[in-house]
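# Analysis of the macromolecular model
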Amino acid sequence: MKEQHIEQDLINKLSDLKYVYRDDIHDRAALEKNFREKFEELNKVSLTEGEFSRLLESIITPDVFTAARALRERNSFERDDGTPLNYTLVNIKEWCKNTFEVVSQLRINTDNSHHRYDVILLINGIPVVQIELKTLAITPRRAMQQIVDYKNDPGNGYCKTLMCFLQIFIVSNRTDTWYFANNNSRHFSFDADERFLPLYQFASEDNKKITQLDNFAEKFLAKCTLGQMISRYMVLVASEQKLLMMRPYQIYAVKAIVECIHQRCGNGYIWHTTGSGKTLTSFKASTLLKDNPDLEKCLFVVDRKDLDRQTREEFNRFQEGSVEENTNTETLVQRLLSDDYADKVIVTTIQKLGLALNENSKRNKAKQKQGKETYTQRLEPLSSKRMAIIFDECHRSQFGDNHEAIKEFFPNAQLFGFTGTPIFPENATYQQIEGEQASYKTTEDIFQKQLHQYTITHAIEDRNVLRFHIDYFKPEGKSKPKPGELPTKKAVVEAILEKHDAATNGRRFNAVLATASINDAIEYHNLFKSIQTEKLASNTEFQPLNIACVFSPPAEGNKDAKQMQEDLPQEKEDNQKNPKEKEAALKAIIADYNTRYKTNHSIGEFDLYYQDVQKRIKDQQYPNQDLPHVQKIDVVIVVDMLLTGFDSKYLNTLYVDKNLKHHGLIQAFSRTNRVLNDTKPYGNILDFRKQEEAVNNAIALFSGASTEQAKEIWLVDKAPVVIEKLDGAVKRLDEFMKSQGLGNKPEDVPNLKGDAARSQFINLFKDVQRLKTQLDQYTDLNEEQKQTIEQVIPKEQLQGFKGVYIETAQRLKAQQDKGDKDTSPEVQQLDFELVLFASAVIDYDYIMSLIAKYSSLKPGRLKMSRDQLIGLIASDAKFMDEREDIKAYIYTLKEGEGLSEREIRDGYANFKAEKNAKALAAIAGKHGLDAASLQTFVDGILRRMIFDGEQLSELLAPLELGWKIRTQKELALVEDLAPLLHKLSAGRTISGLNAYEQ
């Protein structure tokens, strides 16, 4: 179907939804005239020409966040006579009562942009939604990138017109529809390290996708629904100046809680899987409840001190100052009694709340003795009031005495629980006794009914979390354990050292080793130390793993440690036995950590040590050139800690040497499956305890679907299936190359004729590389399977193809970036996914050390020939802009010359400086400029990362040109200079340069 037909059908649909189609609005003047009429009507005012012009000047801003705020708030403007006009841009109290209009083929800037916007939706004359329609199938990521590229083009009017108020972008080819929030450019990243992009598909309450454009329009673009999406279900994150869209399941959960309170229909729980953004959902629920006059307070209750801090930080990230810290129980009681609107939403731990309500607590008894009012007496006036109490991770703490105390004290409270893993009869451990009969407590017993469900099965299908690859370890060789026996700890350490690089994609990611007891954790820590020391002594090329270990110290009267251990059952039990030994071992572990990372932690301030470990796990995100590998952690040994509630996209592997089941298993596995990009295709589990049955039981219990179907969704394909897919992908590439009269060889790719053929090669080889990346992280490949993969695509051939892929991608990407009308649709739609072609192992330091080995006089096992070295560099996307320089430098070196790594680095730096100076001198000569002046001009740009137009004029002043010729000369100079500036800036943006680029 042609694009104009899709467009007309959409306009008809929107007209059915009572939008007014404005076929008279096609340019900026008509858009502004319409906005003026709507503005004057809404604010009951008549503006002069001058006032309207000043109003536009005051509200139009290039900053998306500032515009989003202005759209939602009451603003002020000074009229010509000096009186203030308090106004809103739309009816912010009743969004449904605004006027909703649709315009098509809007051309906002007729001077230097030919771009037309397919469909724009206006609320009260303000453009809030842009819909881009496609006829070709296009990856959602590429569609998003195209829109962001248009947006960044200075001629397209997003910064200087009413288009700055756009909130949502929608892209559809009629059958497939995606949407995302508008944001400032820094929040979109499409480079080789791109993160998971916030791009959504709409869904129904039972998570059925609504992607067909007509259905999507009906469910998402209905006037009141769109008004709610913008006003209630987008979050403005002030600390990051960022717009967040809530996902459909988050919206349904919030609606269910708000409706339940409105209807006074008791308690309820939300089953949203781990990693699905429960904090944002609970934040939005509590802020909407804040405006409910019938509610006295909204409490958000967590069960651990670190989660209290984490949740408070998240809430305040979503809205500055939305919750204060309750440093102690007294502060909490004061807040509960406060009438201040700021204290209506309170985040606290269940322990603090329990202490306040427990008449028999030490604090309350002491107050009674002193004749003072106890906390419970002071809180008495609240006991009859209506409250909403939201419990986070309600599978943990809501089964104890604190929960009962809360229910008894606040009989009119409505209780809501969030859980990623509910308690069912099959995984219940807490007993309740009624009469003579004992039964286990479940989540439903506590919270009455389920309000909304979004299981891990849904999340995997949506790619909100990843699937799992599970390797049930099978030891080989002489030391094979007898049936029923577990492998020795030494065998486990050896297996981890052997498999870790494969599991973590060359240490791009890190891992957790879950152990069965504190004693086991201590033993593992010692074993890693001794085995790695031995390996290093016998092989200087061995790269040891950075190992950390964390478990809670014995409580011994320490309140913080005691509270921490409430949620760490194994550690609590272990610390009862020989606490002094445990303490000494933990001190030694922390001392080791201090030596490795040059820190100064102590057992007395354990929380700071624990926070530092968590930060280093997350710091894996930085490339080694920004943060050296020595500062990172490869494996953290744990017992209970970090297995629930800890999130890092850079943790991808869990080594398991402890028995896990039910919700404990799901929680632990889910540490590994946060989405990043295609370099992390799944969460990796290496199980040393043969727990396949426990895994199957957990999948059956928490899938919300039939077990067999769920297993297919949760678990990645077995290796033979993926090898078969790889074989198919290679054959398709082979058939394509033959159809072009070429062999399936890297050296034949440059002979492809035309952009359509080059685009086809990009798509076909990308599939090969994606499947190879997936297989590279399988830890359970046997020798036969490894040989099969080598036969399907030999290493040397793969590397050669990666090199020509990057070369071809660079050529086609340059066309995309120019955005010419002549660029073919095939090229425009390409998504290069260069992240698949950037190795974590092969970085600048690694290349320099390899070049030093090439130059070395000593023969070594890792020495490469010149051609091998150049092939390796050419096949890595990180060196896309620098590979010609490195290649040319290698050709200046002699094999066996004997230069040190420091000499190689200095030599390369000098080589580049000389090459750049020559290029700059050539540009200066071509344009009749003094070479030293041009060098000073370029140095100034790179120091400030700002292209200064005035300094450019000063540079050209000695030529004494008229303004017209000087302008032409400036543009010609920048055209020659820009490629060198982009190269020297190493990917960073030079502010103001794009205004001169043609």
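The following refers to the structure shown. Position numbers for residues start from 1 in each chain and track the written sequence from start to end. Local features in a predicted model are, by the rule used here, given only for residues with pLDDT of at least 70; side-chain atom pairs are given and counted only at 80 or more, and totals for whole chains, interfaces and linings are based on all residues. Working from all heavy atoms in the structure, the side-chain values ignore hydrogens and water.

### Topic: the nonpolar core
Here, the term nonpolar core denotes a set of buried Ala, Val, Leu, Ile, Met, Phe, Trp, Tyr and Cys residues that are joined through side-chain atoms within 4.5 Å. Accessibility here uses a 1.4 Å probe with only protein chains present; expressed as a share of the type maximum, an area under 20% marks a residue as buried, one over 50% as exposed, and anything in between as partly exposed. Judged by nonpolar contacts, the single largest core of 113 residues is most densely connected at Phe35, Leu121, Phe165, Ile168, Phe220, Leu221 and Leu226. Numbering goes from the N terminus for both helices and strands, where a helix is a DSSP run of H or I of at least four residues and a strand is a run of E of at least two. Counting residues per element, this core draws most heavily on helix H8 (residues 248-262), which supplies 8 residues. Any two residues having at least one pair of non-hydrogen atoms within 4.5 Å are treated as being in contact. With residues up to four places along the chain from it excluded, the contact list for Leu226 reads Tyr19, Leu121, Ile123, Val129, Ile168, Phe220 and Leu221. Residues Leu299, Ile518, Tyr609 and Ala668 belong to the second largest nonpolar core, which totals 106 residues.

### Let's talk about the pairing of strand E12 (residues 242-245)
Whether two strands pair depends on DSSP finding at least two bridges between them. Direction of pairing for strand E11 (residues 234-237) relative to E12: antiparallel, over a ladder of 4 bridges. Directly across from Val235, in E12, lies its bridge partner Leu244. Here E11 folds back onto E12 in antiparallel fashion, the turn holding 4 residues, of which Gln241 has a positive phi close to 50°.

### What about the packing of helix H27 (residues 719-739) against helix H28 (residues 755-776)?
Only the stretch in contact is used when fitting a helix axis, every axis being a line fitted to C-alpha atoms; angles between N-to-C directions are given from 0 to 180 degrees. Taken N-terminus to C-terminus, the directions of H27 and H28 make an angle of 160°; their axes are 9 Å apart at the nearest point. Here H27 lies roughly antiparallel to H28, going by the angle between them. Crossing of H27 over H28 shows left-handed handedness. Within the contact between the two elements, H27 uses Ala719, Val722, Ile723, Lys725, Leu726, Ala729, Val730, Arg732, Leu733 and Phe736 and H28 uses Ala757, Gln760, Phe761, Leu764, Phe765, Val768, Leu771, Lys772, Gln774 and Leu775. Residue classes follow a fixed rule: Ala, Val, Leu, Ile, Met, Phe, Trp, Tyr, Cys and Pro count as nonpolar, while Asp, Glu, Lys and Arg count as charged, and any other residue, Gly among them, counts as polar. Its residues assigned to classes, the contact of H27 with H28 comprises 15 nonpolar, 2 polar and 3 charged. Working definition: roughly parallel below 35 degrees, roughly antiparallel above 145 degrees, roughly perpendicular at 65 to 115 degrees, and oblique for all remaining angles. Left-handed describes a crossing whose near helix is turned anticlockwise from the far helix by less than a right angle; the clockwise case is right-handed.

### Here we look at the environment of Ser338
Turning to its location among the elements, Ser338 is positioned in the loop between helix H11 (329-337) and strand E15 (345-349). Ser338 sits in the buried class, given a relative accessible area of 18%. Ignoring anything within four residues of it in the chain, the contact list for Ser338 reads Lys297 and Asp343.

### Quick look at a positive patch on the surface
Nonpolar side chains (Val, Leu, Ile, Met, Phe, Trp, Tyr) within 5 Å and like charges within 9 Å form the patches, drawn only from residues with over 30% relative accessible area and no salt bridge. Computed by Shrake-Rupley with a 1.4 Å probe, the accessible areas treat only the displayed protein chains as cover when residues are assessed. Salt bridge criterion: a side-chain nitrogen from Lys or Arg within 4 Å of a carboxyl oxygen from Asp or Glu. Positive charge is attributed to Lys and Arg, negative charge to Asp and Glu, and no charge count is given to His or to the chain ends. We put the charge of a Lys on NZ, of an Arg on CZ, of an Asp on CG and of a Glu on CD. Together, Lys362, Arg363, Lys559 and Lys562 make up a positively charged patch on the protein surface. Put simply, the parts of the chain that give the positive patch at least two residues each are helix H13 (362-369) and helix H20 (559-565). Tracing the backbone shows Lys362 in helix H13. Residue Lys362 is classed as exposed on the basis of its relative accessible area of 78%.

### Some words on the sheet that holds strand E4 (residues 100-106)
The strand order across the open sheet formed by 6 strands is E1-E4-E5-E6-E7-E8, and the pairing between neighbours is mixed. Across the chains shown, the open sheet's two edge strands, defined by having one partner strand only, are strand E1 (20-21) and strand E8 (177-181). Relative to strand E5 (residues 117-123), helix H7 (residues 223-231) is tilted by about 85°, and along the sheet it contacts E4, E5, strand E6 (126-133) and strand E7 (168-172).

### Some remarks on the packing of aromatic side chains
Centre distance within 6.5 Å is the pairing criterion for rings of Phe, Tyr and Trp, where only the six-membered ring of Trp is used; planes under 30 degrees apart are then read as stacked, over 60 as edge-to-face, and the remainder as tilted. On inspection of all chains with the given rule, the structure shows 33 aromatic pairs. Where Tyr179 meets Phe216, the ring centres are 6.0 Å apart and the plane angle is 40°; that geometry is what we call tilted. Within this pair, whereas Tyr179 is found in strand E8, its partner Phe216 is found in helix H6 (residues 213-220), the two being separated by 37 residues in sequence. Phe216 matches Tyr179 in its accessibility class, with the two residues each being buried.

### Topic: the state of the cysteines
Count a disulfide wherever a pair of cysteine sulfur atoms falls within 2.5 Å. Evaluation of the coordinates by the stated rule reveals 1 disulfide. The disulfide partner of Cys96 is Cys224, and the S-S distance across this bridge is 2.1 Å. Here Cys224 lies in helix H7 and Cys96 lies in the loop between strand E3 (84-87) and E4, a separation of 128 residues in the sequence. Left unpaired, Cys159 is separated from the closest cysteine sulfur, that of Cys164, by 8.4 Å. Residue Cys159 is classed as partly exposed on the basis of its relative accessible area, which comes to 37%. Its sulfur unpaired, Cys265 is 3.2 Å from the next cysteine sulfur, which belongs to Cys260.

### Re the packing of helix H1 (residues 3-16) against H6
Contact geometry for H1 and H6: axes closest at 10 Å, N-to-C directions at 30°. Viewed along their axes, H1 and H6 adopt a mutual orientation that is roughly parallel. Considering only the axes of H1 and H6, their crossing is right-handed. Residues Ile6, Leu10 and Lys13 of H1 lie in contact with H6, whose contacting residues are Leu213, Asp214, Ala217 and Glu218. Of the residues that constitute the contact of H1 with H6, the class distribution is 4 nonpolar, no polar and 3 charged.

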